[in-house]
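Summary of structural features
What follows is each chain in one-letter form.
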Amino acid sequence: MPKQTFDNRLYYGDNLEILKKYIKDETIDLCYIDPPFNSKRNYNQIYNNVGKEDKAQAQAFLDTWTWDEHSIDGYDEIFNSGSGIYPKQCVDLIIGLRKIFGESSLMSYLIHMTLRIAEIHRILKPTGSFYLHCDPTASHYLKLILDSIFCSQQGDFLNEIIWSYKRYTAASNRFQRLHDVIFFYSKTPDCIFYEPRDEYGEKSGKADSHYKQDENGDWYRWQKRKGQEPYKVMLNPEGRRLGDVWEIPIINASAKERLGYPTQKPEELLERIIKASTKEGDVILDAYCGCGTSIAVAQKLGRKWIGIDITYQSIAVITKRLKDHFGNDVIDKTEFNGIPKDMKSAIELAHKKDDRVRKEFEKWAVLTYSDNKAIINEKKGADHGIDGTAFMLIGQNEHKDVLFSVKSGHIGNSMVRDFCHVIARDENVAIGIFITLEEPTKPMIKEAASMGKYTNPLTNQQYPKVEIVTIAELLDGKRLNLPQAVQVLKEAKRNKEVKDNPLGLEF
């Protein structure tokens, strides 16, 4: 039987590892990334490395960086690289920056980005484009890195795009921050660019004498560059030419496309980028795909896509977003990589020592067993071992909680007993799900069974008050079946202040 081919790919894991291992040289037409940064900290703290960071909190989604073994290994890779992927200008730049910033959180971030920008340059086609979305906290340092990698190897800096938006913030001792920066680079002078037009502005009429038609009937002209080969500019004959300041509204609280994701970008922004630098059938890669806006827009515009993210919650959000907007057919044509499919891969995820993904096993287990209907508990400390919450509909505008606790090893009867106590003493909890990587002992099964049954008054369906579910059962397809309603879920999330959860799922 021939191996199945997929239009699209979605990777769960570290984007650096995935770029190196799975993405071949010069295969991507457009790469867009919106990487995280610790933008909520005081700028002076970041620059001078003031304040100590807890290594246990250095998780990818917390937008926090710390100098650790990953930073040291990354610096050594750049400094001692024999692969030619880091130009001399880049190596010299990183050496110089480390002399200035030392072993700081900012230096850790810059090394992190250098490793990935170099890989992105490698995988871009000669005609490819790169857009890096960033805020003012580190944009000037990132541009130095981009110049050292792209401009030293026939590429060019094309634009600093200003995404301008309106929002209201508390009064302070400075002007409101009302824009983001997007850097636009080409890999070579052969970069393809489809000149975007403002469809609501003045119409330009037909192309002038500078434009010619290609074999597809598209109009183009050659744009000269000082000291370089000219490059091809495609014409959209409708509307006026766009500048490098884009006034596009942010996603407001009532917007239909809003997913409750903290760094979600509007689809209009990604649509403009994708249309400017690709045509139908081209391949787009987003190495920090988050809630999947670039992927959703690429799918809508008939592009192929590759998405990468280090958190399973992002994979869950993207999967649901694709299903909701494009149906199961898109899911069937997407290759999913990195998601545990057997006990061996589940054990590997559970035993990862990387602080950035230390809770990924728990998140994967909760979201998978709940069919992406649970909300992950992001609280640290006094959470009583609760890793997630789902909601059970028990009547009109009434619900009870379903609590999840996940254990990846060294389980015992005392853990089940403690979980039973949490379930028993909270009248707002209907049932509890205890998910374990290891097989439960007979005393554990007996302890859970002693809690009895819960009968849903709406459906009369009975559930074990506390149920033990193994990862083996989860991998075999066992799932939690709960009566639910959209309005109930939204109301429940409001009641529990889940809208403040930076990774909460919307249903």
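It should be noted that the structure appears before, not after, this text.
The shown structure was predicted, so the numbers you read here are calculated from the model rather than taken from an experiment.

The rules behind each value
Residues numbered from 1 in each chain as written. Predicted model: local features only at pLDDT ≥ 70, side-chain atom pairs only at ≥ 80, totals over all residues. Heavy atoms only, no water. Helix = DSSP H or I, 4+ residues; strand = E, 2+ residues; numbered from the N terminus. Buried < 20%, exposed > 50% of the residue type's maximum accessible area, 1.4 Å probe, protein only. Contact = heavy atoms within 4.5 Å. Areas by Shrake-Rupley, 256 points an atom, 1.4 Å probe, with all protein chains shown as cover. Axes fitted to C-alpha atoms, helices over the stretch in contact; angles between N-to-C directions. Parallel < 35°, antiparallel > 145°, perpendicular 65-115°, else oblique. Left-handed = near helix turned anticlockwise from the far one by under 90°. Nonpolar A, V, L, I, M, F, W, Y, C, P; charged D, E, K, R; others polar. Salt bridge = Lys/Arg side-chain N within 4 Å of Asp/Glu carboxyl O. Core = buried A, V, L, I, M, F, W, Y, C linked by side-chain atoms within 4.5 Å. Arc of directions from axis to C-beta. Pairing = 2+ DSSP bridges. Polar contact = N/O pair within 3.5 Å; in protein donor to acceptor, adjacent residues only side chain to side chain. Phe/Tyr/Trp six-rings, centres within 6.5 Å; stacked < 30°, edge-to-face > 60°. Lys NZ or Arg CZ within 6 Å of the ring centre and 35° of its normal. Expected span 1.5 Å × (residues − 1). Right-handed = clockwise from strand over helix to strand, strands pointing away.

Within the protein chain one finds 16 helices and 22 strands. In the protein chain, which comprises 507 residues, the proportion classed as buried is 51%. For the protein chain, contacts bridging at least 24 residues in sequence account for 71% of all contacts bridging at least 6. Taken as a whole, the protein chain presents about 25500 Å² of accessible surface, with 48% of it coming from carbon and sulfur.

Despite not being glycine, Asn372 shows a phi value in the positive range, around 65°. Relative to the assigned elements, Asn372 resides in the loop between α12 (360–369) and β16 (375–376). Its relative accessible area of 13% is what places Asn372 among the buried residues. Within the chain, His410 stands out as a residue other than glycine whose phi angle is a positive 55°. Within the secondary structure, His410 is located in the loop between β18 (398–407) and α13 (413–425).

Looking now at the packing of helix α8 (residues 293–300) against helix α9 (residues 312–326). At a minimum axis separation of 10 Å, α8 and α9 run at an interaxial angle of 30°. Accordingly, the angle class assigned to the pair α8 and α9 is roughly parallel. Regarding α8 and α9, the two cross each other, and that crossing is right-handed. Between α8, through Thr293, Ile295, Ala296, Gln299 and Lys300, and α9, the contact on the second element is made entirely by Ile318, Arg321, Leu322 and Phe326. Residue composition of the contact of α8 with α9, by class: five nonpolar, two polar and two charged.

Attention shifts here to the pattern of salt bridges. All told, the structure shown has 24 salt bridges when counted by the stated rule. In this structure, Lys88 engages Asp92 in a salt bridge whose closest nitrogen and oxygen atoms are separated by 2.7 Å. Residue Lys88 and its partner Asp92 are located together in helix α4 (residues 88–101), separated by four residues, close to a single helical turn. Salt bridges linked by common partners bring Glu267, Glu271, Lys275, Lys300 and Arg321 together as one network.

In this section: the nonpolar core. Membership of the largest hydrophobic core comes to 65 residues, with the highest contact counts inside it found for Tyr131, Trp364 and Phe404. Among the elements that take part in this core, α12 stands out by supplying six residues, more than any other. By size, the runner-up hydrophobic cluster in this structure holds 52 residues, among which are Ile18, Met107, Tyr109 and Leu132.

All of the buried residues in helix α11 (residues 343–350) are Ala346, Leu349 and Ala350. Taken around the axis of α11, the buried residues stretch over an arc of 100°, which confines them to a single face. The secondary structure elements touched by the buried residues of α11 are β1 (8–12), α12 and α15 (471–475).

Let us look at the sheet that holds strand β2 (residues 28–33). What the nine strands build is an open sheet, ordered β12-β4-β5-β3-β2-β13-β14-β1-β15; its pairing is mixed. In this open sheet, the two strands that pair with only one neighbour each are β12 (245–247) and β15 (334–337). Sheet twist, expressed as the mean angle between neighbouring strand axes with direction ignored, is 15°. Two strands pair when backbone bridges link them, and β2 and strand β3 (residues 124–134) are joined in this way by five bridges, in the parallel orientation. Directly across from Cys31, in β3, lies its bridge partner Phe130. Relative to the sheet, α8 contacts β1, β2, β13 (283–286) and β14 (304–309), its axis offset from that of β14 by approximately 170°.

On the secondary structure map, Asn456 appears in the loop between β20 (453–455) and β21 (462–464). In sequence terms Asn456 and Ile394 are 62 residues apart; their C-alpha atoms lie 5.9 Å from each other. In this view, Asn456 contacts Met392, Leu393, Ile394, Gln461, Tyr463 and Pro483; residues no more than four positions away in its chain are not counted. There is a polar contact of 2.9 Å between the side chain of Asn456 and the backbone oxygen of Leu393. Here Thr459 takes part through its backbone nitrogen, which lies 3.3 Å from a polar atom of the side chain of Asn456.

Take the sheet that holds strand β19 (residues 429–436) next. Where strands meet in a sheet, backbone hydrogen bonds hold them as pairs that are either parallel or antiparallel. Taken together, five strands build an open sheet; the order of strands is β16-β17-β18-β19-β22 and the sheet is mixed. Unpaired on one side and paired on the other, β16 and β22 (466–470) mark the two borders of the sheet. Alignment of β19 against β22, held across five bridges, turns out to be parallel. Directly across from Ile435, in β22, lies its bridge partner Val469. α13 rests against β18, β19 and β22 of the sheet, and its axis sits at about 160° to β19.

To continue, consider the packing of aromatic side chains. Evaluated as defined, the whole model comprises 14 aromatic pairs. Arranged with centres 5.6 Å apart and planes meeting at 50°, the rings of Phe150 and Tyr185 form a pair that is tilted. Remark: Tyr185 occurs in strand β5 (residues 179–186) and Phe150 occurs in helix α6 (residues 139–150); sequence separation between them is 35 residues. Here Phe150 and Tyr185 have matching classes, each one buried. Chaining the aromatic ring pairs together yields one cluster made of Phe130, Phe150, Phe157, Phe183 and Tyr185. Its guanidinium or amino end placed over the ring of Phe157, Lys143 lies 4.1 Å from that ring's centre, counting from NZ or CZ. Taking the ring centre of Trp246 as reference, the NZ or CZ of Arg272 above it sits at 5.1 Å.

This next bit is on α6. Counted at 1.5 Å a residue, the expected span for α6 with its 12 residues is 16 Å, and the 16 Å between its end C-alpha atoms agrees. Of the positions making up α6, those classed as buried are Ser139, Tyr141, Leu142, Ile145, Leu146, Ser148, Ile149 and Phe150.

Let us look at the pairing of β14. A large share of β14 lies buried, amounting to five of its six residues. Across four bridges, β1 lies against β14 in parallel orientation. Each residue of the ladder has a partner; that of Arg9, found in β14, is Ile306. What joins β13 to β14 is α8, and the crossover it makes is right-handed.

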